[in-house]
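Examining the three-dimensional arrangement
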Amino acid sequence: MSIPYEVYVEARSIDASKIEAITDAASKVWSVDETGFLPSRRGVPNCLYLEGADYLPFDEIETEDELAQHICEAIWEANEGFCKVTVTCTDLSTNPTETYSFTKDDFANYRRQ
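In this report, the structure presented in the accompanying data block is examined.

Conventions used here
Residues numbered from 1 in each chain as written. Predicted model: local features only at pLDDT ≥ 70, side-chain atom pairs only at ≥ 80, totals over all residues. Heavy atoms only, no water. Helix = DSSP H or I, 4+ residues; strand = E, 2+ residues; numbered from the N terminus. Buried < 20%, exposed > 50% of the residue type's maximum accessible area, 1.4 Å probe, protein only. Contact = heavy atoms within 4.5 Å. Lys, Arg positive; Asp, Glu negative; His and termini not counted. Charge placed at Lys NZ, Arg CZ, Asp CG, Glu CD. Pairing = 2+ DSSP bridges. Phe/Tyr/Trp six-rings, centres within 6.5 Å; stacked < 30°, edge-to-face > 60°.

**A look at the overall build of the protein chain**
Across its full length, the protein chain holds three helices and five strands. Put simply, the protein chain runs from its N terminus to its C terminus through helices and strands in the order β-α-β-β-α-β-β-α. Reported as C-alpha extents along the three principal axes, the dimensions of the protein chain are approximately 45 × 30 × 20 Å. Relative to its 113 residues, the protein chain shows a buried fraction of 40%. Expressed as a percentage of contacts within the protein chain between residues at least 6 apart in sequence, the contacts between residues at least 24 apart total 63%. Across the protein chain, the mean location of the 9 positive side-chain charges is 14 Å away from that of the 22 negative side-chain charges.

This is how it looks when you write it as structure tokens:
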């Protein structure tokens, strides 16, 4: 049985020249679209927002924390470096929301894999 999820992604301090690559990479993991981009100004970093709803593909990804991790890794790969990523997953069948924030330590662990 597939479970419907809605996912919101915030990626901070991204390379602004890689917005399309980041969106495309995240879209290969989950059905997301760009919903906004705020360019860097007055010390606030670039910020890209993505969102989308789909069914969790249990044959590929078993849990929402795995989904969040896969989205984050796709963004880091497309960005060609660390950026702060926050993924919020909402199970649409029961409505609990979980938020996953990924740090430089997570990025370092990802790079060691």
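**Quick notes on the environment of Ala 68**
Here Ala 68 is to be found in helix H2 (residues 64-79). Taking relative accessible area as the criterion, Ala 68 reaches 0% and is therefore assigned buried. Residues in contact with Ala 68, not counting those within four places in the same chain, are Val 87, Tyr 100 and Phe 102.

**Quick word on the pairing of strand E1 (residues 4-12)**
Every second residue of E1 is oriented toward a common face, the buried set being Tyr 5, Val 7, Val 9 and Ala 11 and the non-buried set Pro 4, Glu 6, Tyr 8, Glu 10 and Arg 12. For E1 and strand E3 (residues 47-55), the ladder comprises nine bridges, and the chain directions are antiparallel. Within E3, the residue paired with Val 7 across the bridge is Gly 52. Relative to strand E4 (residues 84-91), E1 runs antiparallel, the two sharing eight bridges. If you follow Tyr 8 over to E4, its bridge partner there is Thr 88.

**Details of the packing of aromatic side chains**
Scanning all chains against the criterion turns up six aromatic pairs. Relative to Phe 82, the ring of Trp 76 has its centre 6.1 Å away and its plane inclined at 40 degrees; by these criteria the two rings are tilted. Between the aromatic rings of Phe 107 and Tyr 110, the centroid separation amounts to 6.5 Å while the plane-to-plane angle is 40 degrees, which identifies the pairing as tilted. Here Phe 107 and its partner Tyr 110 are both found in helix H3 (residues 104-112), three residues apart, which amounts to about one turn of the helix. The class for Tyr 110 is buried, based on a relative accessible area of 15%.

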